[in-house]
Amino acid sequence: CLQDLSDFGLEDHTVDINAEDEISSECGVISEPTGLIQGGNYSQRNEFPWMAIISVETHRIKSHKGSGSLISKRHIIAKARAVSTLESTRLWKPVDPKNVEIYLGTKKFADLSAEGSLKVGALKIQNYPNARKVSISFSIFNFAVITLDQDISFNDFIRPICLWNFDADFEKEIIGKTTYAVGYGVDETG
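Residues numbered from 1 in each chain as written. Predicted model: local features only at pLDDT ≥ 70, side-chain atom pairs only at ≥ 80, totals over all residues. Heavy atoms only, no water.

How should I be thinking about the sheet that holds strand β7 (residues 118–127) in this particular structure?
What holds strands together in a sheet is hydrogen bonding between their backbones, with the strands either parallel or antiparallel. Within the closed barrel, the six strands sit side by side as β1-β2-β3-β10-β7-β6. Their pairing is antiparallel. The mean inter-strand angle of the sheet, taken between neighbouring strand axes irrespective of direction, is 45°. The pairing of β7 with strand β10 (residues 144–148) spans five bridges and is classified as antiparallel. Residue pairing across strands places Ala-122 opposite Leu-148, the latter belonging to β10. (Pairing = 2+ DSSP bridges. Helix = DSSP H or I, 4+ residues; strand = E, 2+ residues; numbered from the N terminus. Axes fitted to C-alpha atoms, helices over the stretch in contact; angles between N-to-C directions.)

Looking at this model, I keep getting lost on the pattern of salt bridges. Mind explaining?
It is possible for side chains bearing opposite charge to pair when their charged atoms get close. Within this structure, the stated rule accounts for five salt bridges. A salt bridge links Asp-151 to Arg-74; its shortest N-O distance comes to 3.1 Å. With Asp-151 in the loop between β10 and α1 (170–174) and Arg-74 in the loop between β2 (61–70) and β3 (75–78), this pair connects stretches of sequence that are 77 residues apart. The exposure class of Arg-74 is partly exposed, given its relative accessible area of 23%. A salt bridge links Asp-96 to Lys-98; the nearest nitrogen and oxygen atoms lie 3.9 Å apart. We classify Lys-98 as exposed; its relative accessible area is 71%. Each of Lys-62, Glu-101 and Lys-119 takes part in salt bridges that share partners, so that together they form one network. (Salt bridge = Lys/Arg side-chain N within 4 Å of Asp/Glu carboxyl O. Buried < 20%, exposed > 50% of the residue type's maximum accessible area, 1.4 Å probe, protein only.)

Would you mind going over the nonpolar core with me for this structure?
Buried together is how nonpolar side chains tend to be arranged in soluble globular proteins. The biggest cluster of nonpolar side chains holds 26 residues, and the ones touching the most others in it are Ile-54, Ile-76, Val-100, Ile-102, Leu-104, Ile-146 and Leu-148. Elements that contribute at least two residues to this core include exactly β1 (51–58), β3, β6 (100–104), β7 and β10. (Core = buried A, V, L, I, M, F, W, Y, C linked by side-chain atoms within 4.5 Å.)

I tried to follow the environment of Trp-164 on my own but got confused; where do I start?
Within the secondary structure, Trp-164 sits in the loop between β10 and α1. Once the C-alpha coordinates of Trp-164 and Ile-174 are considered, the two residues, ten residues apart in sequence, prove to be 8.9 Å apart.

Just checking my understanding: could you explain the packing of aromatic side chains for this structure?
Note on aromatic pairs: each is described by the distance of the centres and the angle between the planes. Taken as a whole, this structure holds three aromatic pairs when the rule is applied. Note on Phe-48 and Trp-50: the rings are 6.0 Å apart at their centroids and 70° apart in plane angle, and the pair reads as edge-to-face. For the pair Phe-48 and Trp-50, a shared accessibility class is recorded, and that class is buried. Arranged with centres 5.0 Å apart and planes meeting at 40°, the rings of Tyr-128 and Phe-143 form a pair that is tilted. Remark: Phe-143 occurs in the loop between β9 (138–140) and β10 and Tyr-128 occurs in the loop between β7 and β8 (132–135); sequence separation between them is 15 residues. Here Phe-143 falls in the partly exposed class, since its relative accessible area comes to 29%. Three or more aromatic residues joined by ring pairs make a cluster, and in this case those are Tyr-128, Phe-141 and Phe-143. (Phe/Tyr/Trp six-rings, centres within 6.5 Å; stacked < 30°, edge-to-face > 60°.)

Would you mind going over unusual backbone geometry with me for this structure?
Positive phi values are uncommon outside glycine, yet Asn-130 reaches one of about 70°. Here Asn-130 lies in the loop between β7 and β8. Even without being glycine, Phe-141 reaches a positive phi, approximately 50°. The residue Phe-141 is located in the loop between β9 and β10 in this model.

Below, the structure written as structure tokens:
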């Protein structure tokens, strides 16, 4: 557990999201509550419509690198390591945005056969400063904001997640509430 982060030379940083790109009042709305099956099993395609599959091309091979959450019509938040390479200094360095593809509204990597699914590119990748790997299985400040190369039109399968409002009574918003950790990954069939 890290308690003193002063060794990392941190300062306050904010990510610039254009004021014209307002967060939709439809954030966090699911089309049809279906419940979540835990333990690596599948959820319904529209159950978490903010989920994004992130693909990065390296050496002419596209591969699934992680998941993200749509937070506005133009931005996704994700782990920095999903869109970065590790430098010798152990800092995560963003990849060239031209090598990133993002799939929205689908359950499977590179599957755009379902109605309402979409593939978009990245215009900019901004890692949180000092995003770094500190051990074999642990990174700190491990998040990035991906600016998409186009505005997203929301539908039943693509909607943004709500972000916490720290100006409100934060403890009342989260204490005693059910939360889920959702993402794409490999299953028993690969």
